[in-house]
Amino acid sequence: MAHDFIEVAASTDVGNVRQFNEDSIAFDPERGVVVLADGMGGHRAGEVAGRMATEIILSALQTEVAEFRSTANPHSPLRAVTKSINRANTAVFTAARTHPNYQGMGTTLALALFYDNRVTLAHVGDSRIYRLRDSRLQLLTRDDSLLRDQIELGLIAAADAAESHNRSLVTRALGIEASVSTHVRDDDALPGDVFLLCSDGLNDLVDDADIELILNSLRSNLPLAAGHLVQSAKDNGGYDNVSVILAKVRKAFPAASHAAWLKRLLGWLR
Amino acid sequence: MAKLVLSKDGVAVHQCWLDKDRLTVGRGTGNDVVIDDPAASREHAAITCVGNDHIVEDLQSSNGTFVNGTRIIRHILQHGDVVEFGALHLRYVNPRASADVDLERTMLIPGLQRGGDDLSPAPDSQDADDGVPSARAARVHFPRGRVKVLAGARAGSTIELDRVVAAFGKGGHRLAVVTRRPHGYFITHVEGRRYPRVNHQSIGAEPHPLRNGDVIDIADESLEFLLD
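Bear in mind that the values here come from a model prediction, so they are computed numbers and not experimental data. Going along each chain's sequence as written, the residues are numbered from 1 onward. Chain letters start at A and ligand numbers start at 1, both assigned in the order the entries are written. Local features in a predicted model are, by the rule used here, given only for residues with pLDDT of at least 70; side-chain atom pairs are given and counted only at 80 or more, and totals for whole chains, interfaces and linings are based on all residues. The basis for the side-chain values is all heavy atoms of the structure; hydrogens and waters are excluded.

Colleague: Teacher, can you tell me more about the overall build of chain B here?
Modeller: Secondary structure assignment for chain B yields zero helices and 22 strands. Buried means the residue's accessible area, taken with a 1.4 Å probe over protein chains only, is under 20% of the maximum for its type, while exposed means over 50%, and partly exposed covers the values in between. Counting across all 228 residues of chain B, residues that qualify as buried make up 43%. Considering only contacts within chain B whose residues lie at least 6 apart along the sequence, 33% involve residues at least 24 apart. Only carbon and sulfur atoms are counted for the fraction: they give 50% of the accessible area of chain B, which is about 12400 Å². Working definition: helices are DSSP H or I runs of at least four residues, strands are E runs of at least two. Numbering for both runs from the N terminus. Only heavy atoms enter the contact rule, under which two residues are in contact if any of them lie within 4.5 Å. Accessibility throughout is a Shrake-Rupley quantity obtained with a 1.4 Å probe, and a residue counts as covered only by protein chains that appear here.

Colleague: Would you mind showing me how to read the overall build of chain A here?
Modeller: Counting its regular elements, chain A contains seven helices and 12 strands. Taken over C-alpha atoms, the radius of gyration is set against a globule rule of 2.2 Å times the number of residues to the power 0.38. Computed over C-alpha atoms, the radius of gyration of chain A comes to 19 Å, within 12% of the 18 Å expected from 2.2 N^0.38 for 270 residues, which places it in the range of a compact globule. Seen along its three principal axes, the alpha-carbon backbone of chain A occupies a region of about 65 × 45 × 35 Å. Counting only residues that meet the buried cut, chain A has 60% of its 270 residues in that class.

Colleague: I would appreciate a short explanation of the packing of aromatic side chains in the present structure.
Modeller: Aromatic ring pairs are described here by two measures, namely the spacing of the ring centres and the angle between the planes. Pairing of aromatic rings covers Phe, Tyr and Trp, the last through its six-membered ring, and needs centres within 6.5 Å; plane angles under 30 degrees mean stacked, over 60 mean edge-to-face, and all others mean tilted. Counted under the stated rule, the structure contains four aromatic pairs over all chains. Between Phe5(A) and Phe253(A), the ring centres sit 4.6 Å apart and the planes meet at 35°, which makes this aromatic pair tilted. With Phe5(A) in the segment before β1 (6-13) and Phe253(A) in the loop between β12 (242-249) and α7 (256-269), this pair connects stretches of sequence that are 248 residues apart. By way of ring pairs, the aromatic residues Phe5(A), Phe114(A), Phe195(A) and Phe253(A) are connected into one cluster. Across from the ring centre of Phe142(B), 4.3 Å away, lies the NZ or CZ of Arg180(B), which sits over that ring. Positioned above the aromatic ring of Phe186(B), the side-chain terminus of Arg181(B) is 5.8 Å from the ring centre. Note on criteria: charge over ring means Lys NZ or Arg CZ within 6 Å of the ring centre, with the direction from the centre no more than 35 degrees off the ring normal.

Colleague: Help me understand the pattern of salt bridges in this model?
Modeller: Between side chains of opposite charge, a pair can form as their charged atoms come close. We define a salt bridge as a side-chain nitrogen of Lys or Arg found within 4 Å of a carboxyl oxygen belonging to Asp or Glu. In total, this model carries 25 salt bridges over all chains according to the counting rule given. A salt bridge links Asp187(A) to Arg185(A); its shortest N-O distance comes to 2.9 Å. The pair formed by Asp187(A) and Arg185(A) is uniform in burial state, with each residue classed as buried. A single network of salt bridges, built from pairs that share partners, joins Arg144(B), Arg146(B), Glu160(B) and Asp228(B).

Colleague: What should I look at first to understand the nonpolar core in this one?
Modeller: One recurring pattern in soluble globular proteins: nonpolar side chains tend to sit buried together. We define the nonpolar core as a collection of buried residues of types Ala, Val, Leu, Ile, Met, Phe, Trp, Tyr and Cys that are connected through side-chain atoms lying within 4.5 Å of one another. Membership of the largest hydrophobic core comes to 30 residues, with the highest contact counts inside it found for Ile57(A), Leu61(A), Ile85(A), Met105(A), Leu109(A) and Leu111(A). When residues of this core are traced back to their parent elements, those giving at least two are β3 (33-40), α1 (45-71), α2 (76-98), β5 (109-115) and β6 (118-124) of chain A. Ignoring sequence-local partners within four residues, the contact set of Met105(A) consists of Met40(A), Gly41(A), Ala45(A), Val48(A), Ala49(A), Met52(A), Val92(A), Ala95(A), Ala96(A), Gly175(A) and Ile176(A). Grouped together as the second largest cluster of nonpolar side chains are 29 residues, Leu137(A), Val206(A), Leu215(A) and Val165(B) included.

Colleague: What is the right way to look at empty space enclosed by the protein in this model?
Modeller: Any empty space left between atoms is shown by rolling a water-sized probe over those atoms. Definitions used throughout: a 1 Å grid over protein atoms alone; a cavity as a set of points that fits a 1.4 Å probe which cannot get out; a pocket as an open set with protein on both sides within 12 Å along at least five of seven lines; a lining residue as one with an atom within 4 Å of a point. Grid points are joined across faces, edges and corners, and a volume is the space filled by probe spheres set on the points. In total, this model carries three cavities of 30 Å³ or more according to the counting rule given. Forming the walls of the second largest cavity are Asp126(A), Arg128(A), Asp143(A), Ser145(A), Leu147(A), Arg167(A), Asp200(A), Asn203(A), Asp204(A) and Val132(B).

Colleague: Would you take a moment to explain the side chain of Asn203(A) for this structure?
Modeller: Within the element layout of this structure, Asn203(A) appears in helix α4 (residues 200-203). For Asn203(A), the contacting residues outside a window of four places in its chain are Arg128(A), Tyr130(A), Cys198(A) and Ser134(B).

Colleague: Before we go on, may I ask you to explain the sheet that holds β12(A) in this structure?
Modeller: Whenever strands of a sheet pair, they do so through backbone hydrogen bonds, lying parallel or antiparallel. All names here are of chain A. Strand order in the open sheet formed by five strands is β1-β12-β11-β7-β8, and the pairing between neighbours is antiparallel. In this open sheet, the two strands that pair with only one neighbour each are β1 and β8 (136-139). Each strand axis lies, on average, 20° off the axis of its neighbour in the sheet, ignoring direction. Here helix α5 (residues 208-218) sits on the sheet in contact with β7 (128-133), β8, β11 (194-198) and β12, set at roughly 50° to β7. Two strands qualify as a pair provided that DSSP identifies no fewer than 2 bridges between them. Lines fitted to the C-alpha atoms define the axes, with helices restricted to the stretch that makes contact. Angles between their N-to-C directions range from 0 to 180 degrees.

Colleague: Where do I start with the sheet that holds strand β4 (residues 33-34) of chain B in this structure?
Modeller: Residues and elements named next belong to chain B. Strands sit in the order β4-β3-β5-β6-β9 across an open sheet of five strands; the sheet is mixed. Only two strands of the sheet have a single neighbouring strand rather than two, namely β4 and β9 (74-76). Here strand β3 (residues 22-26) pairs with strand β5 (residues 45-50) via four bridges, running antiparallel. Looking at β5, one finds that Leu23 is bridged to Ile47.

Colleague: Honestly, the interface of chain A and chain B in this entry has me stumped. Any pointers?
Modeller: A common way to state how big an interface is: give the accessible area lost once the parts meet. Counting residues at the interface gives 73 residues for chain A, matched by 62 residues for chain B. What counts as buried area is the accessible surface, traced by a 1.4 Å probe, that two parts surrender upon association, with contributions from both included. Carbon and sulfur atoms make up 51% of the surface buried where chain A meets chain B, a total of about 5800 Å² over both sides. Where chain A meets chain B, there are two salt bridges. Arg163(B) serves as the salt-bridge partner of Asp210(A), at 3.2 Å between the closest nitrogen and oxygen. Side-chain atoms alone can form a polar contact between residues adjacent in sequence; in general such a contact is a pair of N or O atoms within 3.5 Å, and within protein one must be able to donate a hydrogen while the other accepts it. The interface formed by chain A and chain B holds 23 residue pairs in polar contact (both at pLDDT 80 or more) in total. Taken together, the elements giving at least two residues each to the side of chain A that touches chain B come down to β8, α3 (146-152), β9 (169-170), β10 (183-188), α5 and α6 (222-235) of chain A. The greatest single-element share of the side of chain A that touches chain B, amounting to eight residues, is contributed by α5(A). When the residues that make up the side of chain A that touches chain B are grouped by side-chain class, the tally is 27 nonpolar, 26 polar and 20 charged. The pairing of β9(A) with strand β12 (residues 107-108) of chain B spans two bridges and is classified as parallel. Throughout this entry, Asp, Glu, Lys and Arg are counted as charged residues, while Ala, Val, Leu, Ile, Met, Phe, Trp, Tyr, Cys and Pro are counted as nonpolar. The remaining residues, Gly among them, count as polar.

Colleague: What am I meant to see in the environment of Phe85(B) here?
Modeller: Topologically, Phe85(B) is positioned in strand β10 (residues 82-85). Looking at Phe85(B), the relative accessible area reads 2%, which means it is buried.

Structure follows, in structure tokens:
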């Protein structure tokens, strides 16, 4: 598989108001892994939970990717993702129970694993994953948040959500219980697609239309796009930590075994 | 904790803590807040607590429920809101529910419907989701600017710079963006070997602030920047 099939640019910022940055990001473009977490908990435990989650998941997936790339089992990526999340959940949960300072800590999560022209996406809590395809931005995740539930149940109108004080209430997080249930989906990843992982500090302050405009305007300069997204959140108030990871699919990336097979086939036809 | 202060002709006559998931307001004596006014219906309105919010809802009353003078069906109460029932006013007091964007730290609470579900891709989750919109626009004021095209294919036209970024380029390539920020506009090079020029000077790779009357050259277009 090509080593430069995914281009990644990321930015994380404490924002204008908060004292600490409890967001955490980690990525390995060569292995097609990007992970983002928004930690929560007293003192500075949120920072610990977020960092534990991204570091554990990244390193677990780095190992897993090397393994499934050699076997070409289509179910492996999904299993690898679930396994890595469970490992992080256990670690955060155990630390929270063991250290008094870490009691009750947890974290949201958004991750993408690119493999064989596809991507496995997972999230917990209110961190989001969007995709820009054909100049159109699409939200691919559904927030685990009270506000989302209220809107879905028709208790409040989506247009009134701005008036709510429930923005900070998530209904699911990693590390809170002995096991965590995760939203996982598998989708195709086409050349030109830009995947955006972000903490709520972005989408609470920058509306989707502006995120779309920034990505469309700056997609040819990914680091500048990441910087502009964060800057826009801060210009609009920056009340929370804000983090973004952009992953652009530069070209098709079939699994190595397919490529080898195709090469053989082509050589044979020649 | 949030409370309601009932007043008549500007004089407080009663107050009650919002310590229940739901309370009702009306003329009937069975209500949590009794409104002694013929204009009020027997069961006039309900106030429900969801998370950090208190939501007032009209119970199909004959004369309607008004918040700060506007008739509502359902309304998320903000600190200082006044719910009107004829001559009686009910003021919502909850400094934590102020109109400013809330600074509450993220907390975990039980959801309203879904339990532990979908470990594998659920069919319904495949569809796009509009999601929860962004919060109310902060009280940030952005300047108003535009560019007049002096030379190039679009010569004579004016482009309003009323969004967060505006891209300029040639043949599908975004060569530069003009970014709108609270303290002014900035032009930044995006791609291409040549940097944009402002007043005949190359701007380099860094964002460059724009001043009223600046002349910008990007590819074969010449633009005049105008600020209100």
